[in-house]
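Coordinate analysis (summary)
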There are 2 protein chains.
Amino acid sequence: MDHLSLEWLGYVAATLTTGSFALQAWHTFRTRDVSGISLGMYSAFTVGVALWLAYGVVLRSWPIGIANAVTLALALSILAMKVTIETRRRRPRPPRG
Amino acid sequence: MDHLSLEWLGYVAATLTTGSFALQAWHTFRTRDVSGISLGMYSAFTVGVALWLAYGVVLRSWPIGIANAVTLALALSILAMKVTIETRRRRPRPPRG
């Protein structure tokens, strides 16, 4: 496989893996359904993606940097929805009337 | 940052992002709660990771290859649980007694 095709393979792979988190973020925003989402996963994943972003910056690799910056923003939004929605559900509601 | 530290940064990042899917797979296996998981995300993500695996094989890069092979197996298991659990829930149950 020549260099250009390999580069395209990388861009398509990055677009799919990064873009997929936009689908999860939209699904969570629309349904507010977070019980099936693992808090552990999104915590570890967010730290891991932040490290990949640092890796791309140090390596001065724009593709790695941009893909992971976008993924980090999306993963953080899913993590934030998970934490805020579940915190609200646990808060005791004031008695009505 | 010297080369060795950069390599370690990559291994730690790969371990966190790959390992995080094991946490989601275990959470889904334990709770059977798949409604909050986006089918679109895991479909796109699985294809993307498969392409990253091909990218690593062509590049003969063991870290990229191994990390994405493990992530692919985990993402496929989450996707399979999502599809099978929801298919069973939609199937009409035979009347009891």
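Further up the page is the structure itself.
All of these numbers come straight from a predicted model, not from anything done at the bench.

The rules behind these values
- Residues numbered from 1 in each chain as written.
- Chains lettered and ligands numbered in written order.
- Predicted model: local features only at pLDDT ≥ 70, side-chain atom pairs only at ≥ 80, totals over all residues.
- Heavy atoms only, no water.
- Least-squares fit on C-alpha atoms with pLDDT ≥ 70 in both.
- Contact = heavy atoms within 4.5 Å.
- Salt bridge = Lys/Arg side-chain N within 4 Å of Asp/Glu carboxyl O.
- Helix = DSSP H or I, 4+ residues; strand = E, 2+ residues; numbered from the N terminus.
- Buried < 20%, exposed > 50% of the residue type's maximum accessible area, 1.4 Å probe, protein only.
- Axes fitted to C-alpha atoms, helices over the stretch in contact; angles between N-to-C directions.
- Parallel < 35°, antiparallel > 145°, perpendicular 65-115°, else oblique.
- Left-handed = near helix turned anticlockwise from the far one by under 90°.
- Nonpolar A, V, L, I, M, F, W, Y, C, P; charged D, E, K, R; others polar.
- Core = buried A, V, L, I, M, F, W, Y, C linked by side-chain atoms within 4.5 Å.

Remarks on the relation of the copies chain A and chain B
After a rotation of 180° and a shift along the axis of 0.0 Å, chain A superposes on chain B with an RMSD of 0.0 Å. What we have between these two chains is a two-fold relation. The C-alpha atom lying nearest the rotation axis in chain A is that of Gly36(A); the distance is 2.6 Å. Same-surface contact between copies: 100% of interface residues of chain A are shared with the interface of chain B.

What to know about the pattern of salt bridges
All names here are of chain A. As enumerated under the stated definition, the model contains four salt bridges over all chains in all. One salt bridge in this structure joins glutamate 86 and arginine 90, with 3.7 Å as the shortest N-O distance. Within this pair, glutamate 86 and its partner arginine 90 are both found in helix α3 (residues 62–90), separated by four residues, close to a single helical turn. Residue class for glutamate 86 comes out partly exposed when judged on its relative accessible area of 22%.

So, the packing of helix α2 (residues 39–58) of chain A against α3(A)
All names here are of chain A. Running from amino to carboxyl end, α2 crosses α3 at an angle of 155°, the nearest separation of the two axes being 9 Å. One finds that α2 runs roughly antiparallel with respect to α3. Of the two possible hands of crossing, α2 and α3 adopt the one that is left-handed. Contact residues: α2 offers Leu39, Tyr42, Ser43, Phe45, Thr46, Val49, Ala50, Trp52, Leu53, Tyr55 and Gly56, while α3 offers Ile64, Gly65, Asn68, Ala69, Thr71, Leu72, Ala75, Leu76, Ile78, Leu79, Lys82 and Val83. Residue composition of the contact of α2 with α3, grouped by class: 16 nonpolar, six polar and one charged.

Side note on the nonpolar core
In summary, soluble globular proteins display a tendency toward joint burial of nonpolar side chains. In this structure, Phe21(A), Tyr42(A), Phe21(B) and Tyr42(B) are the most contacted members of the largest nonpolar core, which totals 30 residues. Those elements giving two or more residues to this core turn out to be α1 (3–31), α2 and α3 of chain A together with α1 (3–31), α2 (39–58) and α3 (62–90) of chain B. Filtering out sequence-adjacent residues up to four positions away, Phe21(B) remains in contact with Phe21(A), Met41(A), Phe45(A), Tyr42(B), Phe45(B), Thr71(B), Leu74(B) and Ile78(B).

Side note on the interface of chain A and chain B
Size of an interface, as often reported, equals the accessible area lost when the parts are brought together. Listed per partner, the contact involves 34 residues of chain A and 34 residues of chain B. Of all the secondary structure elements, the ones that give two or more residues to the side of chain A that touches chain B are α1 and α2 of chain A. Considering every element that reaches the side of chain A that touches chain B, the biggest residue donor is α1(A), with 14 residues. Residues belonging to the side of chain A that touches chain B are distributed by class as follows: 22 nonpolar, eleven polar and one charged.

Things to note about the environment of Ile85(B)
Residues and elements named next belong to chain B. The topology assignment puts isoleucine 85 in helix α3. Overall, the relative accessible area of 6% leaves isoleucine 85 in the buried class. Isoleucine 85 sits 64 residues away from phenylalanine 21 along the chain, and the two C-alpha atoms are 18 Å apart. In this structure isoleucine 85 touches Arg32 and Val34, once residues within four positions along its chain are discounted.

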